[in-house]
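Results of the structural survey
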Amino acid sequence: DVKVTQSSRYLVKRTGEKVFLECVQDMDHENMFWYRQDPGLGLRLIYFSYDVKMKEKGDIPEGYSVSREKKERFSLILESASTNQTSMYLCATHGTNYGYTFGSGTRLTVV
Amino acid sequence: QKEVEQNSGPLSVPEGAIASLNCTYSDRGSQSFFWYRQYSGKSPELIMFIYSNGDKEDGRFTAQLNKASQYVSLLIRDSQPSDSATYLCAVRGSNYKLTFGKGTLLTVNP
């Protein structure tokens, strides 16, 4: 089975800090995704990457950037954290049959 | 804008009953359809996928797809309290990106 590991389960950061969320997958998949999930809004795509150093904006990229220097690792960067970025962040990669496999999520609180 | 709509919840059923979860999608070119289960505080896990019109059964779960009506559903037979979760419908178009519905909260009462 595909394993997707997110480095932190819970994170508390201060407004204005630069925040790095890390995601690692063990199956050599090309495609990786970052979502945020908020009550009433569902899962919203922030960025995705279809190969090393390749990235595309999703539906809500503002305030975020990404980095993919190695195939197995896809990082989400909050350039200057704000309270409206408090959310659950989910990393995913392609699983079987083009369904996603998700990491366990990072619950980020910005104070 | 591709949209995926799920029947508004919450849905409450007694233990042993059939739970029916519904989903409609706007992109007629959609090719693959997925159901995810998400327990509170956890990440979504894939439970079913379907590509072709008709029914697909896996244990107590049956996915139904009608492309002409742009409709996909999930039936859970003999519902158990452990099935209580939010169920997310997801649709894949001509690329590898999935569009998710907002989910339906299911509660199975003992």
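Described below are features of the structure shown in this document. (Residues numbered from 1 in each chain as written. Chains lettered and ligands numbered in written order. Predicted model: local features only at pLDDT ≥ 70, side-chain atom pairs only at ≥ 80, totals over all residues. Heavy atoms only, no water.)

Here we look at the overall build of chain B
Stated precisely, the cut-off is as follows: Only runs of H or I of at least four residues qualify as helices and only runs of E of at least two qualify as strands under DSSP, and these elements are numbered from the N terminus. Atoms counted for the radius of gyration: C-alpha only. Globule rule: 2.2 Å times the number of residues to the power 0.38. Accessibility here uses a 1.4 Å probe with only protein chains present; expressed as a share of the type maximum, an area under 20% marks a residue as buried, one over 50% as exposed, and anything in between as partly exposed. The accessible surface values rely on the Shrake-Rupley method and a 1.4 Å probe; as for residues, cover is taken only from the protein chains in view. Note on charges: Lys and Arg go in the positive column, Asp and Glu in the negative column, and His and the chain ends are not counted at all. Charged groups are reduced to one reference atom each: NZ for lysine, CZ for arginine, CG for aspartic acid, CD for glutamic acid.
If you tally the helices and strands in chain B, you get zero helices and eleven strands. For chain B, the N- to C-terminal ordering of α and β elements is β-β-β-β-β-β-β-β-β-β-β. Here the C-alpha radius of gyration of chain B, 13 Å, is about what a compact globule of 110 residues would show, namely 13 Å. Looking at the 110 residues of chain B, the share that counts as buried comes to 41%. In the form shown here, chain B has an accessible surface area of approximately 5,200 Å², with 47% of it arising from carbon and sulfur atoms. With 11 positive and 10 negative side-chain charges, chain B shows a spacing of 8 Å between the two charge centroids.

Section: the interface of chain B and chain A
Stated precisely, the cut-off is as follows: Residue contacts follow a heavy-atom distance rule, with two residues in contact if any of their heavy atoms lie within 4.5 Å. Reported buried area values correspond to the accessible surface (1.4 Å probe) lost by two parts on association, with both partners' losses combined. Here, a salt bridge means any Lys or Arg side-chain nitrogen found within 4 Å of an Asp or Glu carboxyl oxygen. What qualifies as a polar contact is a pair of N or O atoms within 3.5 Å, subject to a donor-acceptor requirement within protein and to the restriction that residues adjacent in sequence count only when both atoms come from side chains. Gly is put with the polar residues, along with every residue not named as nonpolar or charged; the nonpolar set is Ala, Val, Leu, Ile, Met, Phe, Trp, Tyr, Cys and Pro, and the charged set is Asp, Glu, Lys and Arg.
Taken together, the contact between chain B and chain A spans 16 residues of the former and 22 residues of the latter. Taken together, both faces of the contact between chain B and chain A bury some 1,600 Å²; the carbon and sulfur share is 57%. Counting the contacts that link chain B with chain A gives zero salt bridges. Viewed at the interface, chain A and chain B are joined by six residue pairs in polar contact (both at pLDDT 80 or more). Elements with a minimum of two residues in the side of chain B that touches chain A: strand 4 (32–38), strand 9 (85–92) and strand 10 (98–100) of chain B. A per-element tally of the side of chain B that touches chain A places strand 4 of chain B first, with three residues. Grouping the constituent residues of the side of chain B that touches chain A by class yields nine nonpolar, three polar and four charged.

Observations concerning the pairing of strand 5 (residues 32–38) of chain A
All names here are of chain A. Quick reminder of the rule: Here, any two strands with at least 2 DSSP bridges between them count as paired.
Counting buried residues in strand 5 gives seven out of seven residues, a clear majority hidden from the surface. Neither face of strand 5 is exposed, since Met32, Trp34, Arg36 and Asp38 on one face and Phe33, Tyr35 and Gln37 on the opposite face are all buried. In this sheet, strand 6 (residues 42–51) lies alongside strand 5 in antiparallel orientation, the contact comprising seven bridges. Among the inter-strand pairings, Trp34 is bridged to a residue of strand 6, identified as Tyr47.

Structural notes on the packing of aromatic side chains
The condition that has to hold: Working definition: a ring pair exists when centres of Phe, Tyr or Trp rings (six-membered ring for Trp) sit within 6.5 Å. Plane angles under 30 degrees give stacked, over 60 give edge-to-face, the rest tilted. Only when the NZ atom of a Lys or the CZ atom of an Arg is both within 6 Å of the ring centre and within 35 degrees of the ring normal do we say a charge sits over the ring.
For the structure on display, the rule yields 14 aromatic pairs over all chains. Taken together, a centroid distance of 5.6 Å and an interplanar angle of 85° make the contact between Tyr35 of chain A and Phe100 of chain B edge-to-face. Here Tyr35 of chain A is found in strand 5, whereas its partner Phe100 of chain B is found in strand 10 on a different chain. Here Tyr35 of chain A and Phe100 of chain B have matching classes, each one buried. Counting every residue linked through ring pairs, the aromatic cluster contains Phe33, Tyr35, Phe48, Tyr100 and Phe102 of chain A together with Tyr36 and Phe100 of chain B. Lying across the ring of Phe49 of chain B, Lys56 of chain B places its NZ or CZ 3.5 Å from the centre.

Section: the environment of Glu62 of chain A
Residues and elements named next belong to chain A. Position of Glu62 among the secondary structure elements: in the loop between strand 7 (54–57) and strand 8 (64–70). Since its relative accessible area comes to 61%, Glu62 is described here as exposed. Taking the C-alpha atoms as reference, Glu62 lies 19 Å from Arg107; in sequence the two are 45 residues apart.

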